[in-house]
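# Coordinate inspection notes
One-letter residues, chain by chain:
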Amino acid sequence: MSGAGPFHATLSPAEQRLVEGAQRFATDDLSPITGLDIPTHLDLLRRACHAGLAGIEVPQAMGGAGASFYTRMRVCEELANGHAGFAFSLVNHHNIIARVAQSGHPELQRAMIAPMLAGTRVGCTAMTEPQSGSDFAAMQTRAVRSNGGWVLDGGKAWITNAAFADVFLVYAQTDPDAGAAGIAGFIVLAEDDGFKRSDAYTASGIEGMGVGGFELKDCWIPEERVLYAPGSGFRSAMRGVNQARVHVAAMNASLVEQALNTALEYTTSRRAFNQKIAEFQGIGWSLADVATHLHAMRLLAHSAACTIDAGEDAQVAAAMAKKYANDHAAHAILACMQAMGAQGMTQESGLARLLGWAKAFCYTDGTPEMMNERIIRNMLKRINLKRKDAEM
Ligand SMILES: Cc1cc2nc3c(=O)[nH]c(=O)nc-3n(C[C@H](O)[C@H](O)[C@H](O)COP(=O)(O)OP(=O)(O)OC[C@H]3O[C@@H](n4cnc5c(N)ncnc54)[C@H](O)[C@@H]3O)c2cc1C
């Protein structure tokens with residue numbers, strides 16, 4: 001169970017109940033060791049929806065819980081104790097419901113929110129393309145006005161839930177000369193003419209995320225499925241990514257905590273040279289490092305979440321939380337594996353799967369290199385502003 005840290009008090013009783021629901025779901029329904037085929041995954045998604053875990057930030061008037069971002073992060077953290085891939089899949093689904101609730105046309109809201117809250121329709125966010133990931137504004141997917149709606153052409157890759165989703169938030173370029181300002185966000189449905197799902201990816205570390213892609217060819221969608229008009233798409237996408245960085249950072253902390261608990265259990269039971277393994281200074285200090293990084297990861301993530309809920313600019317806080325988690329989670333899990341000797345690499349120990357997810361989380365919602373870019377650009381901007389002020 002994740003330590004809630006010093007920010008625990010910011011949850012209302014209803015929010016606390018959601019977090020406890022996530023804890024129960026993780027304990028009773030999920031296991032980091034079991035693989036998830038698509039029918040099992042969809043069944044779990046519906047059960048999680050039934051437990052209210054897909055409506056965390058959706059307003060109460062629309063059937064959700066109207067809870068804070070911090071609650072979302074805590075739910076992710078708890079679910080990641082059960083199965084980080086599933087937790088990531090569920091929160092991606094949740095985010096589409098929250099976005100439609102916040103920015104969707106009333107008809108879109110009527111058609112989509114209830115089935116998505118029930119888990120009979122599953123959502124995903126599609127930004128990455130086969131030829132562009134970090135450089136989001138370089139996307140090739142195009143949208144052209146036609147017949148009272150838009151025609152989309154292009155393709156997306158590496159999309160969580162794409163293997164089974166039927167509601168896709170697709171970002172497309174409406175005006176290549178305008179760059180980021182031309183990007184808009186559209187809701188595409190799997191049943192739309194011109195939509196074609198690609199094969200899902202198989203790679204270690206993406207277990208339970210349903211990661212896949214799709215192509216769009218002459219795919220016409222009506223005006224009411226424009227979620228973000230040209231001009232607002234880029235900014236909305238970045239706001240979502242920024243929040244995701246924080247819950248991903250918190251989920252990394254859960255992975256490390258599980259690895260640490262497993263390693264502590266093992267190294268305090270197993271003996272060598274007449275003493276417990278954990279009592280060898282080399283092993284004990286290595287686990288002390290893991291515990292310290294874990295605490296720092298959690299503090300950075302929780303503090304960034306509070307910054308988001310306070311409505312303050314959280315770009316740097318989110319980037320730092322994710323960068324720190326990405327820089328340390330995989331190393332920390334490897335240290336735990338090492339402390340357990342050969343047992344650390346067995347499937348039953350579960351550490352290899354935790355390591356896979358920690359690696360996958362280095363790509364989702366921006367790589368550590370892009371986090372560095374965000375942090376340094378912000379510092380340079382501030383210095384330049386200061387210099388300008390001094391010159392005036
Ligand atoms: C498990 C998983 C789930 C995902 N889910 C989604 C999803 O739901 N939706 C979605 O849209 N995408 C998703 N992605 C895609 C993810 O967002 C991209 O992988 C990520 O943005 C990086 O893009 P890329 O893989 O194309 O790498 P590239 O952008 O091609 O980068 C390759 C390398 O170059 C580095 N690099 C690039 N630019 C710079 C720079 N300016 N300075 C320094 N280094 C740089 C990168 O850090 C990286 O190391 C997912 C990916 C994974 C692995």
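Our structure's up above, just so we're on the same page.
Within every chain, residues take consecutive numbers counted from 1 along the sequence as written. Note on the predicted model: pLDDT of at least 70 is required for a residue's local features to be given, and 80 or more for side-chain atom pairs to be given and counted; whole-chain, interface and lining totals, by contrast, use all residues. The basis for every side-chain value is the complete set of heavy atoms in the structure, and neither hydrogens nor water enter the calculation.

### Topic: the site of the ligand
Any residue with a heavy atom positioned within 4 Å of a molecule or strand is treated as near that molecule or strand. Around the ligand, 19 residues are found, and the nearest of them are Thr 128, Ser 134, Trp 158, Thr 367 and Glu 369. In this structure, a nitrogen atom belonging to the ligand sits 2.9 Å away from a main-chain N or O atom of Trp 158. Any pair of nitrogen or oxygen atoms within 3.5 Å is treated as a polar contact; in protein, a donor-acceptor pairing is required on top of that, and neighbouring residues in sequence qualify only through side-chain atoms on both sides. Separating an oxygen atom of the ligand from a side-chain N or O atom of Thr 367 is a distance of 2.6 Å. For the area figures, the Shrake-Rupley method with a 1.4 Å probe applies, and any residue is considered shielded solely by the protein chains shown. Protein chains shield 67% of the accessible area of the ligand, which is 970 Å² for the free molecule. Think of it this way: any DSSP run of H or I at least four residues long counts as a helix, any run of E at least two long counts as a strand, and we number them from the N terminus. Those elements that provide at least two residues to the shell around the ligand are β1 (123–126), β3 (149–159) and α9 (368–391). Note on residue categories: nonpolar means Ala, Val, Leu, Ile, Met, Phe, Trp, Tyr, Cys or Pro, charged means Asp, Glu, Lys or Arg, and polar means any other residue, Gly included. Counted by class, the shell around the ligand contains nine nonpolar, eight polar and two charged residues.

### What to know about the environment of Ala 301
Within the fold, Ala 301 resides in helix α6 (residues 281–309). The buried label applies to any residue whose accessible area, calculated with a 1.4 Å probe on protein chains only, is under 20% of its type's maximum; exposed applies above 50%, and partly exposed to all values in between. Using a relative accessible area of 0% as the deciding quantity, one classes Ala 301 as buried. With 227 residues separating them along the chain, Ala 301 and Arg 74 place their C-alpha atoms 10.0 Å apart. Any two residues whose heavy atoms approach within 4.5 Å are treated as being in contact. Setting aside chain neighbours within four positions, we find Ala 301 in contact with Met 73, Val 246, Ala 249, Ala 250 and Ala 321.

### A closer look at the pattern of salt bridges
Any Lys or Arg side-chain nitrogen found within 4 Å of a carboxyl oxygen on Asp or Glu counts as a salt bridge. Considering all chains together, one arrives at 14 salt bridges under this definition. As a salt-bridge pair, Arg 47 and Asp 29 come within 2.3 Å of each other at their nearest N and O atoms. With Arg 47 in helix α2 (residues 38–50) and Asp 29 in helix α1 (residues 13–29), the pair connects residues that are 18 residues apart, well separated along the chain. Here Arg 121 ties to Glu 191 by a salt bridge, and the two come within 2.6 Å at their closest N and O atoms.

### What to know about the side chain of Asp 192
Mapped onto the elements, Asp 192 comes out in the loop between β5 (183–189) and β6 (195–197). Not counting chain neighbours up to four residues away, the residues in contact with Asp 192 comprise Cys 219, Ile 221 and Arg 225.

### Here's the deal with helix α7 (residues 315–339)
Helices are assigned an expected span. That span is 1.5 Å times one less than the residue count. For α7, spanning 25 residues, the distance from its first C-alpha to its last is 36 Å, which sits close to the expected 36 Å at 1.5 Å a residue. The seven residues ending at a residue and the seven starting there each receive a fitted axis; the angle between those axes is the bend at that residue. In α7, a bend of some 30 degrees at His 328 exceeds every other bend along the element.

### Re unusual backbone geometry
One non-glycine residue, Asn 147, adopts positive backbone phi at about 55 degrees. You can see Asn 147 is positioned in the loop between β2 (142–146) and β3. You can call Asn 147 exposed: its relative accessible area is 72%. Located in the positive-phi region is Phe 273, a residue other than glycine, with phi close to 50 degrees. The topology assignment puts Phe 273 in the loop between β9 (271–272) and β10 (275–276).

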